[in-house]
Amino acid sequence: MKNDAPDNINQEIELSIPFKRKRWWRINQKLLYGLGHMYNDLCAAMWFSYMMLFFQAVLEMRAVVAGAMLLLGQVVDALATPIVGVLADKYSTKKFWHLMGCILVSITFPLLFIRCWNCWPKENFEYLMWWMPVYYAVLITFFQIGWAIVQISHLAIIPSITDNLEIRSELTSIRYMASVISSLAVYFITWIVLRATNYSTFIRPTDDYKFRDVSLIITSIGIMSFVTFHIFFKSKPHKIPRENGHIGESAEIEPLQFSTKSKIIHFLQMPLLYQTSCLYVFSRLYWALSLVYVPLFLEERLSVNPSEGSELVASVPLVLYLSSLFFSFLLKSNIKRIGKQVAYFIGSFLSLISCLWIALAISPEADVAQIYLVATLIGAGSSITLVSSLCVTADLIGPHSHQGAMIYSIVTFADKLVTGIAVVAIENYKCDDALSCPQYYRGVLTYACGGSAALGILSLSITILGSKGNISKPQT
């Protein structure tokens, strides 16, 4: 037998919110909410875009070892995510977990882009065969645990403070726009540092101080953003009427209403949960592989066109994220009208076109203007699919905000694991001699990213056929 109480509660919530409070929330708190994940977004942009480049070009790690480092980070993140989801729902507040994660990230992230002590490969090669991987593996482990804590706790704040699906979608869009702005900041800072320091046509081991400076600047900005979030953001849950007619906090009564009736095992039995996870996984996979391999593709291109300069590895991702920012703004005001599933299909289609363009037209001799146009398409496709997939996830949670962290952890678990496995597989098949496969990373952007976009479209089709376009609510 279905319980219609959540629907009635939603209606009463909307009627009980005073106009002044709603207006104050819209003006200030949504923007402050976006600041809460900015540090994670800064780190993610640096991690996916420049970690592999730093390990291979600066530290001179073998490609397969560098890939293994990224896989380690993704595996740790994937394993930490469900654990964090359970603990964050059960103990303390989401903001407390968020603060702990930010502190851990602040301690470990800057060290990832600073050369470890006595780590010059040509001088101590045998020693570094074990020391360098162990050193960075420990840092990566603690960094990814902190990153997972921040991500899950910040996502779980959305369903815990509002039942309004329109506001949830808007918060998700703002969160993504904050992510885009953070990534733009990373690429802009990197571009300035590369231009302002000693000019070079390639990234070399002597460029280690450039990555150090960028990471320290990013850390300073990240610390300011999460401190501002914790001082000014008020994660007040919406108020709902109790049985005796008095108004109470939803956080206080949710366990009484739902804890015994709505179990996480019920979500695990829902096909829609796994369909939603696939939408999110393939959108994130496309985004992550683009971030990782666009800089490496550009560095590969510089071997043919060295006159373009090493700052190309910053300017092209900068254009990519400017496009992403524009389309996230566009989607924010239109997603309700066009629908989340239609938006996801449009984003996946744009992503697929960008990969086909790379395959058919972006040769090593192609004009650089084409690369910027392709970057624009990549940014548009990734922003649309990510935002729409997160909105679908928020709808899946519905009124069960007390289980929000756990559900987000389930949805994001496969994403971390699949991305890491994909990267290490790609690096494992890379030939040791660059002359033997001069356009290897062009092929990666074509087939790996294109495959992710195609699988996203396939998953969407299965979701539509399985649910007939309706997000069902779990029975309670």
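Residues numbered from 1 in each chain as written. Predicted model: local features only at pLDDT ≥ 70, side-chain atom pairs only at ≥ 80, totals over all residues. Heavy atoms only, no water.

Colleague: Can you lay out the overall build of the protein for me, pointing to particular residues and giving the numbers?
Modeller: Scanning the protein from terminus to terminus reveals 17 helices and 2 strands. Every one of the 476 residues in the protein was classed for burial, and the buried ones make up 57%. Partitioning the contacts of the protein with sequence separation of at least 6, the portion at a separation of at least 24 is 84%. Counting only carbon and sulfur atoms, one obtains 67% of the accessible surface of the protein, whose full area is about 20000 Å². (Helix = DSSP H or I, 4+ residues; strand = E, 2+ residues; numbered from the N terminus. Buried < 20%, exposed > 50% of the residue type's maximum accessible area, 1.4 Å probe, protein only. Contact = heavy atoms within 4.5 Å. Areas by Shrake-Rupley, 256 points an atom, 1.4 Å probe, with all protein chains shown as cover.)

Colleague: Give me the lowdown on a nonpolar patch on the surface, citing residues and values where you can.
Modeller: Together, Ile338, Val342, Phe345, Ile346, Phe349 and Ile353 make up a nonpolar patch on the protein surface, roughly 470 Å² of accessible area in all. Here the element with the most residues in the nonpolar patch is helix α14 (residues 340-361); it accounts for 5 residues. Inspection of the secondary structure puts Ile346 in helix α14. For Ile346, a relative accessible area of 38% translates into the label partly exposed. (Patch = residues over 30% accessible without salt bridge, like charges linked within 9 Å, V, L, I, M, F, W, Y side chains within 5 Å. Salt bridge = Lys/Arg side-chain N within 4 Å of Asp/Glu carboxyl O.)

Colleague: Kindly report on the environment of Asn428, identifying the contributing residues and their values.
Modeller: Mapped onto the secondary structure, Asn428 falls in helix α16 (residues 404-428). Separated by 364 residues in the primary sequence, Asn428 and Val64 place their C-alpha atoms 5.1 Å from one another.

Colleague: An account of unusual backbone geometry is needed here, citing residue identities and associated values.
Modeller: Located in the positive-phi region is Glu60, a residue other than glycine, with phi close to 60 degrees. Tracing the sequence through the fold places Glu60 in the loop between α3 (38-58) and α4 (63-90). For Glu60, a relative accessible area of 34% gives the class partly exposed.

Colleague: Which residues make up the pattern of salt bridges, and what are the values?
Modeller: Opposite charge on two side chains allows them to pair when their charged atoms are near. Counting across every chain of the model gives 3 salt bridges. Here Arg115 ties to Asp208 by a salt bridge, and the two come within 3.1 Å at their closest N and O atoms. Here Asp208 lies in helix α8 (residues 208-232) and Arg115 lies in the loop between α5 (94-112) and α6 (125-161), a separation of 93 residues in the sequence. The two residues Arg115 and Asp208 agree in class, both being buried. Of the charged contacts in the structure, one is a salt bridge between Asp213 and Arg212, with a shortest N-O distance of 3.0 Å.

Colleague: Explain the nonpolar core to me, and be specific about the residues and the numbers.
Modeller: Tyr50, Phe55, Leu112, Tyr136 and Tyr293 are the most contacted members of the largest nonpolar core, which has 99 residues in total. Ranked by residue count, the leading element in this core is α3, at 17 residues. Here Tyr50 is in contact with Ala45, Phe113, Val186, Tyr187, Thr190, Phe211, Val313, Ala314 and Pro317, once residues within four sequence places are set aside. (Core = buried A, V, L, I, M, F, W, Y, C linked by side-chain atoms within 4.5 Å.)

Colleague: Report on the state of the cysteines, specifying residues and quantitative values.
Modeller: By the definition in use, this model includes 0 disulfides. Cysteine Cys102 remains unbridged, with the sulfur of Cys43 as its closest cysteine sulfur at 9.1 Å. Using a relative accessible area of 1% as the deciding quantity, one classes Cys102 as buried. (Disulfide = S-S within 2.5 Å.)

Colleague: Which residues make up the environment of Arg204, and what values go with them?
Modeller: Mapped onto the elements of the fold, Arg204 is located in the loop between α7 (165-196) and α8. Residue classification places Arg204 among the partly exposed positions, given a relative accessible area of 42%. Counting along the chain gives 145 residues from Arg204 to Leu59, while the straight-line C-alpha distance between them is 8.7 Å. Setting aside chain neighbours within four positions, we find Arg204 in contact with Ala57 and Val58.

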